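# Observations on the model geometry
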Amino acid sequence: MAENGSSTTTESEKSLLNHHTEKHFTAGEIVRDIIIGVSDGLTVPFALAAGLSGANAPSSIVLTAGIAEVAAGAISMGLGGELKREQEEIIAVPDTEAAEVAEILSEYGIEPHEYRPMVNALRKNPQAWLDFMMKFELGLEKPDPRRAVHSALTIAFAYIIGGIVPLIPYMFIPEATKAVVASVIVTLIALLIFGYAKGRFTGNQPIKSALQTALIGAIASAAAFGMAKAVQG
């Protein structure tokens with residue numbers, strides 16, 4: 001290891017990376033995959049079902065469309081798991097991600113005083129930052145392909161579990177206008193529970209997380225329902 005302005009990461013950057021790695025290799029990755037899958041699984045089919053209900057579609061149509069969306073969404077979410085995770089890390093732990101950029105650049109012999117402006121420039125351009133991390137971080141780390149498959153399957157399965165919840169009432173109530181009321185109640189309860197659990201696992205305020213998660217789901221479904229009604233009217 002070189003000394004005095006060497007092309008290595010600083011002690012604070014190393015501390016961030018070590019802490020990030022420790023969290024990464026416990027239950028963190030699996031929990032994060034589940035959170036990613038369930039979060040979108042609860043919200044997207046919920047909004048779709050509400051929108052179709054607002055268009056006066058029968059429950060059978062809502063259920064068929066919902067199941068088709070869950071299947072397609074599970075595949076899409078599974079394949080996009082790595083991208084989704086990197087996006088969330090850039091938002092949730094920007095300092096850690098910046099330290100990872102610094103470490104990557106130092107591997108190419110770039111001095112700290114040279115790479116810091118590059119790191120700051122990437123932080124101002126989230127899309128470029130994401131592209132950089134996807135190309136260079138994953139390439140340098142050479143992730144185990146089996147882990148990528150496991151991650152994709154976990155996200156996809158979690159998406160299916162979340163997506164089924166808002167569709168359950170449509171399985172038992174033929175009239176969509178009545179089923180949507182039950183769907184709203186069931187899904188909002190599920191969103192509150194999921195949001196609380198997500199807050200506990202991610203270190204955020206559980207109550208605040210629960211309310212925010214439920215609010216996002218409610219806004220999405222209300223917007224879809226309202227737009228469908230407006231079109232019908």
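Residues numbered from 1 in each chain as written. Predicted model: local features only at pLDDT ≥ 70, side-chain atom pairs only at ≥ 80, totals over all residues. Heavy atoms only, no water.

## Points about the side chain of E69
Put simply, the rule is: Numbering goes from the N terminus for both helices and strands, where a helix is a DSSP run of H or I of at least four residues and a strand is a run of E of at least two. The criterion used for residue contact is that any of the two residues' heavy atoms lie within 4.5 Å.
Among the structural elements, E69 can be located in helix α2 (residues 59-79). Those residues in contact with E69 that sit more than four places away from it in its chain are V44, P45, L48 and Y159.

## Regarding the nonpolar core
The line we're drawing: Among buried residues, the Ala, Val, Leu, Ile, Met, Phe, Trp, Tyr and Cys ones that are joined through side-chain atoms within 4.5 Å form a nonpolar core. Any residue under 20% of the maximum accessible area for its type is buried, any over 50% is exposed, and the rest in between are partly exposed; the area is computed with a 1.4 Å probe on protein chains only.
If you look at the biggest cluster of nonpolar residues, it comprises 17 residues, and the most contacted ones within it are A49, V62, M77, Y159, L167 and Y170. The set of elements that each furnish at least two residues to this core consists of α1 (11-54), α2, α7 (145-164) and α9 (176-202). Ranked by the residues each element gives to this core, the list is headed by α2, at five residues. Those residues in contact with Y159 that lie beyond four places of it in its chain are G37, V38, D40, G41, V44, P45, E69, V70, G73, A74 and M77. Core analysis: the second largest hydrophobic core is formed by 14 residues, A102, L122, W129 and M133 among them.

## Some points on helix α4 (residues 94-106)
Note the threshold: Under the convention used throughout, the expected extent of a helix is 1.5 Å for every residue step, that is, one less than its residue count.
Between its first and last C-alpha, α4 extends 18 Å over 13 residues, near the 18 Å set by a 1.5 Å rise per residue. Most of α4 sits out of view: 10 of its 13 residues are buried. The set of residues buried in α4 consists of T96, E97, A98, A99, E100, V101, A102, I104, L105 and S106.

## Section: unusual backbone geometry
Residue N56 is not a glycine yet carries a positive backbone phi of 65°. Positionally, N56 belongs in the loop between α1 and α2.

## Some thoughts on the UniProt feature "transmembrane region" (unreviewed entry) in the chain
Definition in use: UniProt positions are given in the numbering used here, feature names are shortened, and annotations may be inferred rather than shown by experiment.
Taking the UniProt record as the reference, the feature "transmembrane region" (unreviewed entry) is found at residues 152-173, 179-197 and 209-228. Between the C-alpha atoms that bound residues 152-173 the distance is 33 Å, and the span itself is 82% helix and 0% strand. Along residues 209-228 the backbone is 100% helical and 0% strand, and the end-to-end C-alpha distance reaches 29 Å.

## A closer look at the side chain of T213
By secondary structure assignment, the location of T213 is in helix α10 (residues 206-232). Once residues within four sequence positions are removed from consideration, T213 is found in contact with L191, F194, G195 and K198.

## Structural notes on the packing of α4 against helix α5 (residues 112-123)
The criterion, for reference: Each axis is a line fitted through C-alpha atoms, taken for helices only over the stretch in contact, and angles between the N-to-C directions span 0 to 180 degrees. Working definition: roughly parallel below 35 degrees, roughly antiparallel above 145 degrees, roughly perpendicular at 65 to 115 degrees, and oblique for all remaining angles. Should the near helix be turned anticlockwise from the far one by less than a right angle, the crossing is left-handed, and should it be turned clockwise, the crossing is right-handed. Residues are grouped as follows: nonpolar covers Ala, Val, Leu, Ile, Met, Phe, Trp, Tyr, Cys and Pro; charged covers Asp, Glu, Lys and Arg; every other residue, Gly included, is treated as polar.
Axis separation between α4 and α5 bottoms out at 10 Å; the angle between their running directions is 140°. Between α4 and α5, the crossing angle belongs to the class labelled oblique. Crossing angle aside, the handedness with which α4 passes α5 is right-handed. Counting all contacts with α4, which are made through P94, D95, A98, V101, A102, L105 and S106, the residues of α5 involved are Y115, M118, V119, L122 and R123. Looking at the contact of α4 with α5, its residues break down into nine nonpolar, one polar and two charged.

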